[in-house]
Amino acid sequence: MRNALNWSKEINEALYKFGQEADVMFASHSWPRWGNARIQEVLRAQRDAYANLNNQALHYANRGVTLNEIHNVYEVPKSLRDQWAVRSYHGDVQNNSRAVINRFLGHYDGNPVNLIPLSPKDSAPLYVEMMGGPAKIVAKSEELLGQGKYLLATEILNKLVFAEPHNQQARRLLADAYEQLGYRAESTSVRNGFLQGAFELRNGLPGGVPPRSTGPDVVRAMSTEQWLDFIGISMDPKKADGIRFTINLATPDNGEQHAIEMSNATLTNIKGFQAKNPDLTVTVDRSDLNQVMMGQASFDDLLASGKARFEGDRSGFDRLRAILVQFTPDFEILPGTATKASTLGPKPFEVRDLVDYD
């Protein structure tokens, strides 16, 4: 959800500052261009593509077209559609037009029914019932697929799959529709989305070892503040109510200090401050804290080796550690696709199994 107008203005600035003289242009997601005339042509096309996206989306928004309609209304001018340099190979104009409106107006489209929408699994059974049951939906879907009306087919098959996740006939038909939409998509991201959906409906989520986010390079690049924010995300909010504490964290080797508070079932932190009367003060070098962040050592290990020092009441720290959860990277979006045994990553403060994650 980028600022398309700013994107256009930055390209325009590059065009006027350097594009009049440039001989070679290198850009991401594409190959080099040689020759000043070609460089100016490409820069102008990309400048205009972003500006047109912004201007048209907001033009129609001011005429009452909503977030849930703009992708069916916005149309790229023919002069831009005819230029390969601005086709939707990497991005996608339909999704991007929605992103423009979302950036300025948010996700709400003004229709009160969308203020508190039901979850698909809750609304789908009613749709299936009102459409006359699974057999009628399947029959109509097969008719739509035969006519090449794949989006219409997905509209009703999606309801059936959410209402009956184990209906194999519905899953196969929806996968067929997604596959055809993927084959027809120009954008790689849209194509991959449809084909991934088709794969998961037929085979379930792909297995394998999850990507690691606790490698040395990632941890060294992560600020202590970011790690503390992640701990706040990782705790189970349903188990946090009633827990209150204040912790001062000091990392002498880099001169940083953080005040950490637990209140209202929420963990917050602020850099550069220390609480006046903390329940616990934790002193540990950031270089040693990295071992905890990577799951290679626990705080108890650092305490035992003298690399960390706790002063005060650690009961709040221990209660926090007890309510941290492990996230799984293989949660399902389409119903009935998750594996029976999800792969869990390590949670903060937990020493991870190097065999499982390396």
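Report on the accompanying structure. Quick caveat, the model's predicted, so the values are computed rather than measured.

Cut-offs applied
- Starting afresh in each chain, residues are numbered from 1 along the sequence in its written order.
- Since the coordinates come from a predicted model, pLDDT governs what is reported: local features require at least 70, and pairs of side-chain atoms require 80 or more to be given and counted, while whole-chain, interface and lining totals use all residues.
- To get the side-chain values, take all heavy atoms of the structure and skip hydrogens and water.
- Each reported salt bridge corresponds to a side-chain nitrogen of Lys or Arg within 4 Å of a carboxyl oxygen of Asp or Glu.
- Here the term buried applies to any residue with accessible area under 20% of the maximum for its type, exposed to any over 50%, and partly exposed to those in between, with areas from a 1.4 Å probe on protein chains only.
- Within this scheme, the nonpolar core is defined by two criteria: the residues are buried Ala, Val, Leu, Ile, Met, Phe, Trp, Tyr or Cys, and they are joined through side-chain atoms within 4.5 Å.
- The way it works is that DSSP assigns letters per residue, a run of H or I at least four long becomes a helix, a run of E at least two long becomes a strand, and they are numbered from the N terminus.
- Along the arc lie the directions from the helix axis toward the C-beta atoms.
- What makes two residues a contact is simply this: any of their non-hydrogen atoms within 4.5 Å.
- For patches, a residue must show more than 30% relative accessible area and have no salt bridge; joins then use 9 Å for like charges and 5 Å for nonpolar side chains, namely Val, Leu, Ile, Met, Phe, Trp and Tyr.
- Surface accessibility follows the Shrake-Rupley procedure with a 1.4 Å probe radius. Residue values consider only the protein chains on display as shielding.
- Note: two strands are recorded as paired if DSSP finds a minimum of 2 bridges between them.
- Here the axes come from fitting lines to C-alpha atoms, over the contacting stretch only for helices, and the angles between their N-to-C directions go from 0 to 180 degrees.
- When describing relative orientation, an angle under 35 degrees is termed roughly parallel and one over 145 degrees roughly antiparallel, while 65 to 115 degrees is termed roughly perpendicular and anything else oblique.
- By convention the crossing between two helices is left-handed if the near helix lies anticlockwise of the far one by an angle smaller than a right angle, and right-handed if it lies clockwise.
- When residues are grouped by polarity, Ala, Val, Leu, Ile, Met, Phe, Trp, Tyr, Cys and Pro land in nonpolar, Asp, Glu, Lys and Arg in charged, and all others, Gly among them, in polar.
- Stacked, tilted and edge-to-face pairs are distinguished by plane angle, under 30 degrees for stacked and over 60 for edge-to-face with tilted covering the rest, among Phe, Tyr and Trp rings (Trp via its six-membered ring) whose centres lie within 6.5 Å.
- Only Lys NZ and Arg CZ are tested; either one counts as a charge over a ring when it is within 6 Å of the ring centre and within 35 degrees of the ring normal.

## Here we look at the pattern of salt bridges
Here is step 1: Summed over the entire model, instances satisfying the criterion amount to 16 salt bridges.
Here is step 2: Across the pair Glu 75 and Arg 81 runs a salt bridge, and its minimum N-O distance is 3.5 Å.
Here is step 3: You can call Arg 81 partly exposed: its relative accessible area is 34%.
Here is step 4: Note that Arg 314 is salt-bridged to Asp 318, the shortest N-O span being 2.8 Å.

## Comments concerning the nonpolar core
Most often, soluble globular proteins have nonpolar side chains that are buried together.
Here is step 1: Core analysis: the biggest nonpolar cluster contains 30 residues, and Trp 227, Phe 299 and Phe 349 have the highest contact counts within it.
Here is step 2: Among the elements of the structure, helix H12 (224-234), strand E3 (245-251), strand E4 (256-263), strand E6 (280-284), helix H13 (286-293), helix H14 (299-304), strand E7 (308-312) and helix H15 (315-322) are those that each provide at least two residues to this core.
Here is step 3: Core analysis: the next-biggest nonpolar cluster, separate from the first, contains 21 residues, Val 128, Leu 173, Leu 181 and Leu 334 among them.

## So, H15
Here is step 1: What H15 keeps buried is the set Gly 316, Phe 317 and Leu 320. Projected down its long axis, H15 carries its buried residues within an arc of 100°, all on one side.
Here is step 2: If you follow the buried residues of H15, they end up packed against H12, E3, strand E5 (266-271), E6, H14 and E7.

## Quick look at the side chain of Thr 246
Here is step 1: If you trace the backbone, Thr 246 turns up in strand E3.
Here is step 2: The exposure class assigned to Thr 246 is buried, which follows from its relative accessible area of 16%.
Here is step 3: For Thr 246, the contacting residues outside a window of four places in its chain are Ile 260, Glu 261, Ala 275, Pro 278, Asp 279 and Leu 280.

## Quick look at a nonpolar patch on the surface
Here is step 1: A cluster of nonpolar residues, Val 24, Phe 26 and Trp 34, forms a patch on the protein surface that exposes about 390 Å² of accessible area.
Here is step 2: Following the sequence through the fold, Phe 26 ends up in the loop between strand E1 (24-25) and strand E2 (33-34).
Here is step 3: Given the relative accessible area of 66%, Phe 26 is considered exposed.

## A few points about the sheet that holds E3
Here is step 1: The five strands lie next to each other as E5-E4-E3-E6-E7, forming an open sheet whose pairing is mixed. The open sheet has two free edges, formed respectively by E5 and E7, since each of these has just one partner strand. When strand polarity is set aside, the average angle formed by the axes of neighbouring strands in this sheet is 15°.
Here is step 2: Bridge count for E4 against E5 is six bridges, and the pairing is antiparallel. Across the sheet, residue His 258 finds its bridge partner in E5, namely Lys 271.

## Brief notes about the packing of helix H6 (residues 120-130) against helix H8 (residues 150-163)
Here is step 1: Two elements in contact, H6 and H8, have axes separated by 7 Å at closest approach and are oriented at 110°. One element, H6, and the other, H8, form an angle in the roughly perpendicular class. For the pair H6 and H8, the crossing hand works out as left-handed. Facing Pro 120, Lys 121, Ala 124, Pro 125, Tyr 127 and Val 128 of H6, the residues of H8 in contact are Lys 159, Leu 160, Phe 162 and Ala 163.
Here is step 2: Considering only residue class, the contact of H6 with H8 consists of eight nonpolar, no polar and two charged.

## Side note on H12
Here is step 1: Turning to H12, its buried residues number three or more, namely Thr 224, Trp 227, Leu 228, Ile 231 and Ser 234. On an axial view of H12, the arc spanned by its buried residues comes to 115°, and they lie on one face.
Here is step 2: Those residues of H12 that are buried lie in contact with E3, E4, E5, H13, H14 and H15.

## Some points on the packing of aromatic side chains
Here is step 1: As enumerated under the stated definition, the model contains six aromatic pairs in all.
Here is step 2: Pairing Phe 299 with Phe 310 gives two aromatic rings, centres 5.7 Å apart and planes at 50°, and the pair type is tilted. Placement of Phe 299 in helix H14 and of Phe 310 in strand E7 is noted, with a sequence separation of eleven residues between them. There is no split in this pair, since Phe 299 and Phe 310 are both buried.
Here is step 3: Aromatic side chains Phe 299 and Phe 317 sit 5.5 Å apart centroid to centroid with 90° between the ring planes, which places their arrangement in the edge-to-face category. Placement of the pair is Phe 299 in helix H14 and Phe 317 in helix H15, with a sequence separation of 18 residues.
Here is step 4: The ring centre of Tyr 127 lies 4.1 Å from the NZ or CZ of Lys 159, which sits over that ring.

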